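Secondary and tertiary structure notes
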Amino acid sequence: SAVADLALQGQEPAASHSKAIRPSNGHSNSNGTKPTTKRTEFLLDRNLHKSFPLVVGGKGNLLYLADGRTVFDATSGAAVSCLGHGNPRVIEAISNQIKTGVPYLCSSFWSSEIVEELCKELINSTQGKMKRVYLIGSGSEAIEAAIKLARQYFYESDPNSPRVNIIARESSYHGNTIGALGVSGHVARRAPYEPFLMDNVHHVSACYAYRQRKDGESDASFVARKAAELEAKFQELGPETVIGFVCEPVVGAALGCVPSVPGYLRAMRDVCHKHGALFILDEVMSGMGRCGTLHAWQEEDVAPDLQTIGKGLGGGYQPIAAVLISSKIVNALLNGSGQFVHGHTYQAMPVQAAAALEVQKIQREENMLQNVQTQGAYLEMCLKARVGNHPNVGDIRGKGLFWGLEFVKDKATKEPFDPRLAVAQRVHDTAISAQFNMTMYPGTGTADGYAGDHVILAPTYICTKADIDHIVDVVEGVVNQVFQKMA
Ligand code: PLP
């Protein structure tokens, strides 16, 4: 499918959170006769001993559970459902595409208008800085494709190219497939599979101001320190052996919404380009509007050579992700073999494209980036005012509608809690309980210099000021309760 693919790719208002409308789907279980959590042998996820509440429907910011509860989704799932749940326009677009009879087409020999239109929309969204789109089914697959494209870029001109090394960062997460996990620096997620993982990936430190910035250190000198570290890694490996450097503009799951310090992305790109290596941004979680610009790199106009996008692209209505490819790489392939040696069965599917295109159109037509910025600034202000002084809230950081709270045992020393206390998980469990009915996305330390706990808030782009007030009320209530109980 490779040749064809490269050639190819030239609301509802937020419902009130307090008095939610119940769905009339017959699943409701206010009489308590049906099971409301379920664990079956065939539903095997990573928590083998746990059972989860059953969800029977959703609308806007709300999820409806089988036990009759309504839960406010303050995380858009895993920072995915950017338009909220049950958007009628997206549902109709998907349904119309299915009715054409071709939800799927083999991308080795067919294209479709909807796929072409989505790619055009995405290219336009980069002001032409990226030239081609490679559509795929998940963020991990996008990272796999991006690192293969990066290697192929050098292979095209020299099949014996010594460029074999990738530099990525500690405390990073880029996906769970073997290649994507190999790039990731998340020690705990790597541990069981370490023998399978590529040994040509090398890690430098993350850009994590809260724990790394020295007293009084300016942005410029912090960034210079990071650039010097990357430069040293190039020198250690031999600059002529490095394919490129991969990072997230705002670290999502691994650290909890940690933004790059101003100037960092440009400095890192400069180091890469000085050595003829590629600068690769993973925007699977932080991109597609989540951080207040459509692409996170647009805030400082630091376009990468390759970029992955995912979660917010299809807003959870279809599994879809993509690699955006700059002209440098497109031209190398066009002038070389003319094909990307890659491909999956489920890629560039019309039904995926129909969902993503509608999600993107709605975002654009309803100027949702403005709402992300406005509500994001309000969320930041309220969080800092209401829980910023809490003795166990060490840091509140983020961008747009992507905010992380890091919990510490001691605010002055930033000492984290003992991981066995599972603080982030407690916060999540308390938030999602019948007392608070809200989601907060938990994460724990990655065991390489950072052993802390954080939660992520990633509300939908349709959230209102009243929704933010509700979120912050709950955050305050949950934080107070969890740490009072632990005291
Ligand atoms: N990259 C980043 C930055 C992510 O946050 C994730 C998932 O959380 C991935 C890649 C992997 O995406 P997926 O889970 O869709 O495979």
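Structure: see above.
Values in this document were obtained by computation on a predicted structure and should not be read as measured data. Residues take numbers from 1 onward in each chain, read along the sequence in its written order. Note on the predicted model: pLDDT of at least 70 is required for a residue's local features to be given, and 80 or more for side-chain atom pairs to be given and counted; whole-chain, interface and lining totals, by contrast, use all residues.

For each residue, a C-beta atom is positioned from the backbone; the residue is called near a molecule or strand if that atom sits within 6 Å of it. Lining the immediate environment of the ligand, one finds 15 residues, of which Gly-139, Ser-140, Gly-175, Val-284 and Met-285 sit closest. Under the DSSP-based scheme used, a helix requires at least four consecutive residues in state H or I and a strand at least two consecutive residues in state E, with every element numbered from the N terminus. For the shell around the ligand, the element with the most residues is helix H5 (residues 139-157), which contributes three residues. When its residues are assigned to classes, the shell around the ligand shows six nonpolar, seven polar and two charged. In this count, Pro and Cys sit with the nonpolar residues alongside Ala, Val, Leu, Ile, Met, Phe, Trp and Tyr, while Asp, Glu, Lys and Arg are called charged and the others, Gly among them, polar.

Time to look at the environment of Gly-292. With respect to the secondary-structure elements, Gly-292 resides in the loop between strand S12 (278-283) and strand S13 (306-309). Since 22 C-beta atoms lie within 10 Å of it, Gly-292 is described here as buried. With 85 residues separating them in the primary sequence, Gly-292 and Ala-377 have C-alpha atoms 9.8 Å apart. For every residue pair, C-beta atoms are placed from the backbone, and the pair is scored as a contact if these atoms sit within 7 Å. Apart from residues lying up to four places away in sequence, Gly-292 is in contact with Leu-369, Val-372, Gln-373, Gly-376, Lys-399 and Gly-400. Residues are called buried when their C-beta atom has 20 or more other C-beta atoms within 10 Å, exposed when it has 12 or fewer, and partly exposed otherwise; all C-beta atoms are positioned from the backbone.

Moving on, we come to the packing of helix H4 (residues 113-125) against helix H13 (residues 350-365). Under this scheme, a helix contributes an axis fitted over its contacting stretch, all axes are lines through C-alpha atoms, and angles between N-to-C directions fall in the 0 to 180 degree range. Two elements in contact, H4 and H13, have axes separated by 8 Å at closest approach and are oriented at 40°. With respect to H13, the element H4 is oriented oblique. Handedness of the crossing formed by H4 with H13: left-handed. Touching Ile-114, Val-115, Glu-117, Leu-118 and Glu-121 of H4 are Pro-350, Ala-353, Ala-354, Ala-356, Leu-357 and Gln-360, all from H13. Working rule for angles: under 35 degrees goes down as roughly parallel, over 145 as roughly antiparallel, 65 to 115 as roughly perpendicular, anything else as oblique. In this scheme, a crossing is called left-handed if the near helix is turned counterclockwise away from the far one by less than a right angle; it is called right-handed if the turn is clockwise.

Looking now at helix H9 (residues 219-237). Structurally, the α-helix is built with 3.6 residues per turn, so residues lying three or four positions apart point the same way. Here H9 contains 19 residues, and its C-alpha end-to-end distance of 27 Å stays within 8% of the 27 Å for a straight helix at 1.5 Å per residue. Of the residues making up H9, those classed as buried are Val-223, Lys-226, Leu-230 and Phe-234. Each buried residue of H9 lies within a common arc of 85° when the element is viewed along its axis, so the set occupies one face. Exposed residues pointing more than 90 degrees away from the buried face of H9 are listed as Ser-221, Ala-228, Ala-232, Gln-235 and Glu-236. Structurally, H9 contributes buried residues whose contacts are with strand S7 (165-169), strand S8 (201-204), strand S9 (242-247) and helix H10 (264-274). The span expected for a helix works out to 1.5 Å for each residue beyond the first. Comment: arc refers to directions from the helix axis out to C-beta atoms.

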